[in-house]
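# Geometric and topological summary
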Amino acid sequence: MAERRADWKRHISDQLKLRDRVQRHTFEEIVQQYNRLLEKSDLQAVLTERYQTEKYDVQRGHEASSLDSSRSDSLHQEMSQMRIRHQEELTELHKKRGELAQTVIELNNQIQQKDREIQSNEARMLEYQQQIASLEGDCRDLRSNLQELEMANQTLKDEYDALQITFSALEEKLRKTSEDNQELVSRWMAEKALEANRLNAENEKDTRRRQAKLQKDLADAAKEPLPIEQDDDIEVLAEDGGKGAGETSPNRPIGRTLSRKTSQQPQGGLLDSISNIFGRRRSANSFGTSPETSETPSGGCAEVRVPTTALHVFEAHDGEVNTVRFSPGSRLLATGGMDRRVKLWEVVSGRCEAKGALTGSNAGITSIEFDSSGSYLLAASNDFASRIWTMDDYRLRHTLTGHSGKVLSARFLLDNARIVSGSYDRTLKLWDLRSKVCMKTVFAGSSCNDIVCTEQCVMSGHFDKKVRFWDIRAESIVREMELLGRVTSLDLNHDRSELLTCSRDDMLKIIDLRSNAIRQTFSAQGFKCGADWTRVTFSPDGSYVAGGSADGALYVWNVLTGKLDRTLDRNHSSAINSVSWSPSGTYVASVEKGSRAILWSDM
């Protein structure tokens with residue numbers, strides 16, 4: 001602060017010295033002229049006084065002597081000329097004096113103006129000094145705050161480093177635990193396989209032992225002589241037909257032989273029957289499911305009805321409805337919404353009557369799937385989990401957790417004993433319902449929006465515009481196909497030979513799975529995909545496709561002609577999220593971003 005004050009004082013002193021040097025030259029000239037003027041004035045006064053004295057002397061001399069007249073005249077002339085010259089010089093000096101006086105006035109005005117400017121500059125300098133002092137205070141405060149922030153940042157950095165070390169240790173521990181878990185599962189599966197093989201071997205030994213004992217007993221029984229009575233001979237002969245009663249005595253040995261043959265013939269057939277019985281028992285022990293629990297393949301629908309009328313418009317959930325699905329028998333309709341519930345509706349005479357609700361999810365439902373028998377319902381949720389309920393008692397049976405992001409789709413495999421789920425965390429997981437564990441985790445590289453399954457292949461649609469085909473056994477991508485927009489929905493036709501896709505480029509495409517090529521593309525004026533989870537559907541016979549638009553209209557295309565069949569646009573008030581066609585082909589259900597669901601048909 002002291003250095004800055006010395007600097008501005010030095011600056012003012014230098015400015016004053018500069019002004020003194022610049023202005024002194026002009027004033028020096030004025031002073032010199034003024035001094036010369038004063039000298040000339042003094043000289044004039046001296047000369048005037050002398051001339052007056054001489055004048056008096058001349059007058060006295062004129063009076064005293066006439067001889068000096070000529071001399072006086074010459075002196076008088078000389079004095080007159082000198083007076084005239086002095087008068088001119090005096091006039092010149094007065095004129096010069098006036099000019100110099102005017103110059104002095106102007107310079108005084110300039111000095112006053114400069115003084116005012118100096119005062120203004122001094123006031124501004126004082127204001128600037130105050131601002132500088134204030135800014136210095138702010139700077140000191142900012143420096144102190146910066147030091148505090150640096151200390152806090154260092155503390156946070158140290159904590160972050162500590163957390164990073166802890167995280168690395170936990171990650172390593174998790175990896176080791178996962179490896180141990182995998183090893184334990186492998187060992188457990190190996191033990192199970194060994195135990196199953198041991199049981200099968202014991203059953204086989206027991207079966208062979210029983211067969212050997214039975215064959216030995218039968219052989220011993222065949223070697224024993226059988227007593228033949230008369231009634232038996234008559235019966236045997238009677239069976240031969242054409243023999244009379246009187247022929248019994250001569251043919252008794254023949255009857256005995258026939259009886260023995262008859263008793264020996266069933267031996268092979270009886271052994272075969274016993275072997276068949278044990279063979280069926282062994283076959284039953286070899287498989288994991290009994291005849292009572294095996295699923296019956298569902299047949300194709302008799303007739304597909306293209307919807308034309310909204311039979312029932314109803315409020316399905318408290319908030320947005322994300323998904324809808326018919327049961328395999330078309331009797332039940334399931335809807336899932338952001339209110340964390342799956343609601344069940346019974347379809348009776350073209351209306352949906354509330355039948356119950358499945359609870360247990362901690363976030364909105366994103367996907368619904370029935371198993372092939374309609375006994376179980378699978379739902380994916382935004383709380384990073386998938387859940388399974390039984391349909392006979394509406395009880396929550398399994399909760400499958402392991403994803404680190406929203407689970408956007410979950411599907412049963414064809415054996416109904418395994419599940420595939422796809423998540424926002426860019427992974428697909430394969431779950432075993434018997435052991436309730438994740439069997440495989442596959443990194444897909446992009447968020448998975450929907451999944452469909454065949455016997456050994458899983459097809460997934462992703463945020464990066466790609467449809468990926470996975471081999472379940474090899475855990476690898478068989479192939480992938482890139483579309484023009486983010487994939488929102490996948491669906492298979494009835495014979496699983498064609499794949500229907502919907503993407504954010506507002507197009508539906510049918511991919512032939514046999515030729516791996518796009519067979520058809522559907523679009524329509526006004527059709528717009530409203531969300532990243534907009535679901536479309538095949539009709540049960542694969543002859544139509546249906547999808548909902550962002551403007552609330554339901555679009556139906558004919559697969560055979562490739563043209564838009566009809567548009568239903570008067571009932572939904574917001575974007576349609578999902579569409580489902582009943583397996584019977586009679587109904588179509590659609591749900592929207594509002595709370596409404598609609599049941600459609602042609603009745």
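These lines cover the structure that appears in this document, whether it is placed above or below. (Residues numbered from 1 in each chain as written. Predicted model: local features only at pLDDT ≥ 70, side-chain atom pairs only at ≥ 80, totals over all residues. Heavy atoms only, no water.)

### Quick notes on the state of the cysteines
Spelled out, the test is: When two cysteine sulfur atoms are found within 2.5 Å, that pair is recorded as a disulfide. Residue exposure (1.4 Å probe, protein chains only): buried if accessible area is under 20% of the type maximum, exposed if over 50%, otherwise partly exposed.
Within this structure, the stated rule accounts for zero disulfides. Cys 529 supplies the cysteine sulfur nearest to Cys 502, a cysteine that is in no disulfide, at a spacing of 4.0 Å. When its relative accessible area of 0% is taken as the criterion, Cys 502 is described as buried. Owing to a relative accessible area of 1%, Cys 529 belongs among the buried residues under this scheme.

### Some words on empty space enclosed by the protein
Inclusion rule: Of the grid points, spaced at 1 Å and generated over the protein atoms alone, those admitting a 1.4 Å probe that cannot get out make up cavities, while open sets with protein on both sides within 12 Å along at least five of seven lines make up pockets; any residue with an atom within 4 Å of a point is treated as lining. Grid points are joined across faces, edges and corners, and a volume is the space filled by probe spheres set on the points. Helix and strand assignments come from DSSP, with helices taken as H or I runs of at least 4 residues and strands as E runs of at least 2, each series counted from the N terminus.
Scanning the model with the defined rule gives three cavities of 30 Å³ or more in all. Estimated volume of the largest cavity: approximately 140 Å³. Forming the walls of the largest cavity are eleven residues, and the residues nearest its centre are Leu 430, Val 442, Val 458, Trp 470 and Ile 472. Of all the secondary-structure elements, those providing two or more residues to the lining of the largest cavity are strand E12 (427-432), strand E13 (437-443) and strand E16 (466-471). Looking at the lining of the largest cavity, the element that brings in the most residues is E12, giving three residues.

### Considering the sheet that holds strand E23 (residues 544-548)
Let me state the cut-off plainly: At least two DSSP bridges between two strands are needed for those strands to be called paired.
Taken together, four strands build an open sheet; the order of strands is E22-E23-E24-E25 and the sheet is antiparallel. Two strands in the sheet have a free side with no partner beyond their single neighbour: strand E22 (537-538) and strand E25 (564-568). Relative to strand E24 (residues 554-558), E23 runs antiparallel, the two being bridged by five bridges. Within the sheet, the bridge partner assigned to Gly 548 lies in E24 and is Leu 554.

### Observations regarding the packing of aromatic side chains
Our working definition: Here is the rule: rings of Phe, Tyr and Trp (six-membered ring for Trp) pair when centre to centre is within 6.5 Å. Planes less than 30 degrees apart are stacked, more than 60 are edge-to-face, and the remainder are tilted.
All chains considered together, the criterion is met by six aromatic pairs. A ring pair is formed by Phe 314 and Trp 345, whose centres lie 4.8 Å apart and whose planes are at 55 degrees; its orientation type is tilted. With a gap of 31 residues between them, Phe 314 in strand E1 (residues 309-315) and Trp 345 in strand E4 (residues 342-348) connect regions that are remote in the sequence. The exposure classification of Phe 314 matches that of Trp 345, with both residues buried. Measuring from ring centre to ring centre gives 5.3 Å for Phe 527 and Tyr 555, while their planes differ by 80 degrees; the resulting arrangement is edge-to-face. In this pair, Phe 527 sits in the loop between strand E21 (517-522) and E22 while Tyr 555 sits in strand E24, placing the two residues 28 residues apart along the sequence. Exposure class is identical for Phe 527 and Tyr 555. Each is buried.

### Section: the nonpolar core
Note the threshold: Joining through side-chain atoms within 4.5 Å is the link that ties buried Ala, Val, Leu, Ile, Met, Phe, Trp, Tyr and Cys residues into a set, and such a set is a nonpolar core. The contact rule is simple, with two residues in contact once any of their heavy atoms fall within 4.5 Å.
Judged by nonpolar contacts, the single largest core of 15 residues is most densely connected at Leu 500, Leu 508, Ile 510, Phe 522, Val 545 and Trp 557. Within the residue set of this core, elements represented by two or more residues are strand E19 (498-503), strand E20 (507-512) and E24. Ignoring any residue separated from it by four or fewer positions in sequence, one finds Leu 500 in contact with Ser 489, Leu 490, Asp 491, Leu 508, Lys 509, Ile 510, Val 536, Thr 537, Phe 538 and Val 545. By size, the runner-up hydrophobic cluster in this structure holds 14 residues, among which are Ala 316, Phe 326, Cys 352 and Val 591.

### Looking at the pattern of salt bridges
This is how the line gets drawn: We count a salt bridge whenever a side-chain nitrogen from Lys or Arg sits within 4 Å of a carboxyl oxygen from Asp or Glu.
The full count for this structure, using the stated rule, is 26 salt bridges. Asp 450 is paired through a salt bridge with Arg 535; the nearest N and O atoms lie 3.9 Å apart. Note that Asp 450 is positioned in strand E14 (residues 448-453) and Arg 535 in the loop between E21 and E22, a separation of 85 residues in sequence. For the pair Asp 450 and Arg 535, a shared accessibility class is recorded, and that class is buried. Overlapping salt bridges, with partners in common, bring together Arg 325, Glu 369, Arg 411, Asp 450 and Arg 535 in one network.

### A short note on the environment of Asp 318
Looking at where Asp 318 falls in the secondary structure, it is placed in the loop between E1 and strand E2 (321-326). Ignoring sequence-local partners within four residues, the contact set of Asp 318 consists of Asp 339 and Arg 341.

### Notes on the environment of Ala 444
When you line up the elements, Ala 444 lands in the loop between E13 and E14. A relative accessible area of 7% places Ala 444 in the buried class. Each C-alpha atom, one on Ala 444 and one on Arg 426, is 5.4 Å from the other, the two residues being 18 residues apart in sequence. Dropping the residues within four chain positions of it, Ala 444 is found in contact with Arg 426, Thr 427, Leu 428, His 462, Arg 468 and Trp 470.

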